[in-house]
Amino acid sequence: MKSKILFILHVPPPIDGASIIGSYIKENALINSTFDTEYINLTSAFTLETIGKSNLKKISIIFKILKKVYESIKNKKYDYSYMTLTTTGAGFYKDFLVVLLLKLFRVKIIFHLHNKGVLKNSKAYYNRLLYKVVFKNTKCILLSNCLYKDVKNYVKKKNVFICNNGIPNSEYLIKNTPIQHIVDSNTCKFLFLSNMMQEKGVFILLEATKKLQAKGYKFECHFVGACSDITNPLLKNKVKELGIENKVHIHGQKVNDAKRDIFQEADVFVFPTYYHNECFPLVLIEAMLYSLPVISTPEGAISEMVLEGKTGLLTPQKNSDKLAEAMEYMLKHPKERIHMGIEGRKRYEEKYTISIFEKNIVDILNTVVKSSDKTI
């Protein structure tokens, strides 16, 4: 008989790492054939602008989520519940209610954390109390070993499992331009692709672009992503203010084939994030998938994903000078950036494919179910 698992997770919209992984799990044939599955969407904010904000509509959605959870667990016995817990902000307090409901009905829980901030938020006494309740007698899936420090005060190491994110291979992935042509070219296309947030380093990249422009390099900097706290007018005004209109191309959000084409046409991926919730950005795996060298920062588990000098370069956060230096290095060393991209593609194939991810999730869930009769 298959183990019965209740999945309480985020699915798009909006599009972010947790929701994308949630959609992969929900649609995954191996997971759904291995277990007797049921799914509840934990999302209460359906646009980037409403994340972390409260309104009557969101409160109504939260009550509907709680009702669905209650109706699922009151008459059914689950071997385990899998939940993508939000660890901070308003989302945490909403999820806390869901956790209380599961614990009231004695449903065993394994959390899959796609964000962080527990350690920082624990400075507040009331948050420490809530975290103790939430994590008591639970297990936890982390995206990387280096993220354990965030929850080490509440979750024993033996109850932690590591599962790197993974994404599907592209069904249409080509690089028709001969490498020698790319090497002989004196231009370079830098790509930033993420939600347009200041903490993702958008303005830092614009400042670095201005510094490179002053040196007379031939290059382009492409920005792709949905608006968040940076709107298109704000972004365009900043570009104009810096006088880099000839270098910057703003595309808005791109999905499916259009997104694929943007990756295919790029030479270097730039992601100077200092986002407080950054853990294991899927977009960096996408860059590796498309054989792009990466320039990023050592936030979350990025230093594990991007191997310094081998698959990309890491720069200090909020430092446009160092970012400009890294971009200049890529401009001046085209053969090396191509080699970094090739190594990044190998790293994707070795660690970050969807088949590796689904196998890890299935193995973890099988392990926790089998050990569910033991004391945590």
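Here is what the cut-offs are and how they apply
Residues numbered from 1 in each chain as written. Predicted model: local features only at pLDDT ≥ 70, side-chain atom pairs only at ≥ 80, totals over all residues. Heavy atoms only, no water. Helix = DSSP H or I, 4+ residues; strand = E, 2+ residues; numbered from the N terminus. Buried < 20%, exposed > 50% of the residue type's maximum accessible area, 1.4 Å probe, protein only. Contact = heavy atoms within 4.5 Å. Polar contact = N/O pair within 3.5 Å; in protein donor to acceptor, adjacent residues only side chain to side chain. Expected span 1.5 Å × (residues − 1). Arc of directions from axis to C-beta. Pairing = 2+ DSSP bridges. Salt bridge = Lys/Arg side-chain N within 4 Å of Asp/Glu carboxyl O. Phe/Tyr/Trp six-rings, centres within 6.5 Å; stacked < 30°, edge-to-face > 60°. Axes fitted to C-alpha atoms, helices over the stretch in contact; angles between N-to-C directions. Core = buried A, V, L, I, M, F, W, Y, C linked by side-chain atoms within 4.5 Å.

Moving on: the environment of Glu304. As for its position among the elements, Glu304 is in helix H12 (residues 302-305). Looking at Glu304, the relative accessible area reads 23%, which means it is partly exposed. Sequence separation between Glu304 and Val160 is 144 residues, and the spatial gap between their C-alpha atoms is 18 Å. Dropping the residues within four chain positions of it, Glu304 is found in contact with Ser144, Asn145, Cys146, Asn164, Phe280, Arg347 and Tyr352. One polar contact links Glu304 to Ser144, side chain to side chain, over a distance of 2.5 Å.

Quick look at helix H15 (residues 354-370) now. With 17 residues, H15 should cover 24 Å at 1.5 Å per step; its first-to-last C-alpha distance of 24 Å lies within 8% of that length. Buried residues of H15: Ile354, Phe357, Glu358, Ile361, Val362, Ile364, Leu365, Val368 and Val369, and no others. Mapping the buried residues of H15 onto a view down its axis gives an arc of 165 degrees, with all of them on the same face.

Before going further, it helps to examine unusual backbone geometry. At the junction of Pro12 and Pro13, the peptide bond is cis and its omega measures out at -5 degrees in the coordinates. Positionally, Pro13 belongs in the loop between strand S1 (4-9) and helix H1 (17-26). With an omega of -5 degrees, the peptide bond running from Pro13 to Pro14 counts as cis. Assignment of secondary structure puts Pro14 in the loop between S1 and H1. Positive phi, close to 55 degrees, is recorded for Asn137, a residue that is not glycine. Tracing the backbone shows Asn137 in the loop between helix H6 (125-135) and strand S5 (139-142). The exposure class of Asn137 is exposed, given its relative accessible area of 51%. Look at Ser291: it is not a glycine, yet its phi comes out positive at around 60 degrees.

Here we come to the side chain of Thr311. In this structure, Thr311 sits in the loop between H12 and strand S12 (312-314). A polar atom in the side chain of Thr311 sits 2.9 Å from the backbone nitrogen of Leu307. With residues up to four places along the chain from it excluded, the contact list for Thr311 reads Pro293, Val294, Met305, Val306, Met340, Glu343, Gly344 and Arg347.

Because side chains alternate across S5, one face comprises the buried residues Lys139 and Ile141, and the other comprises Cys140 and Leu142, equally buried. Bridge count for strand S4 (residues 109-112) against S5 is 3 bridges, and the pairing is parallel. The partner of Ile110 across the bridge, within S5, is Lys139. Here S5 runs beside strand S6 (residues 160-162); their pairing, made up of 3 bridges, is parallel. Bridged to Ile141 within S6 is Phe161.

For the structure shown, the criterion picks out 15 salt bridges. The partner of Glu328 in a salt bridge is Lys215, with the nearest N and O atoms 3.0 Å apart. Of this pair, Glu328 sits in helix H13 (residues 320-332) while Lys215 sits in the loop between helix H8 (202-214) and strand S8 (220-224), placing them 113 residues apart in sequence. A residue is classified by how much of its surface remains accessible, and Glu328, at 13% relative accessible area, is buried. As a salt-bridge pair, Glu241 and Lys238 come within 3.7 Å of each other at their nearest N and O atoms.

With that out of the way, let us pick up the packing of aromatic side chains. Tallying each qualifying case throughout the model produces 17 aromatic pairs. Summarising the aromatic geometry, the rings of Phe7 and Tyr82 are spaced 5.1 Å apart at their centres and angled 50 degrees between planes, so their arrangement reads as tilted. Residue Phe7 is found in strand S1, and its partner Tyr82 is found in strand S3 (residues 80-83); the two are separated by 75 residues along the sequence. Considered together, Phe7 and Tyr82 belong to a single accessibility category, that of buried residues. Where Phe263 meets Phe269, the ring centres are 6.0 Å apart and the plane angle is 25 degrees; that geometry is what we call stacked. Given the relative accessible area of 1%, Phe263 is considered buried.

Okay, the sheet that holds S6 next. If you walk across this open sheet you meet the 6 strands as S2-S1-S3-S4-S5-S6, and the pairing is parallel. The open sheet is flanked by strand S2 (36-41) and S6, the only strands paired with a single partner. The mean inter-strand angle of the sheet, taken between neighbouring strand axes irrespective of direction, is 20 degrees. The pairing of S1 with S2 spans 6 bridges and is classified as parallel. Paired with Leu6 across the bridge in S2 is Glu38. Contacting S1 and S2, helix H3 (residues 56-74) crosses the sheet at an angle of about 160 degrees to S2.

Here we take up the nonpolar core. One finds Phe190 and Phe269 to be the most contacted residues of the largest nonpolar core, which totals 84 residues. Counting residues per element, this core draws most heavily on H15, at 8 residues. Setting aside its immediate chain neighbours within four residues, Phe190 contacts Leu212, Phe219, Glu220, Cys221, His222, Val268, Val270, Met327, Met330 and Leu331. Membership of the second largest hydrophobic core comes to 35 residues, among which are Ile62, Val118, Leu142 and Tyr154.

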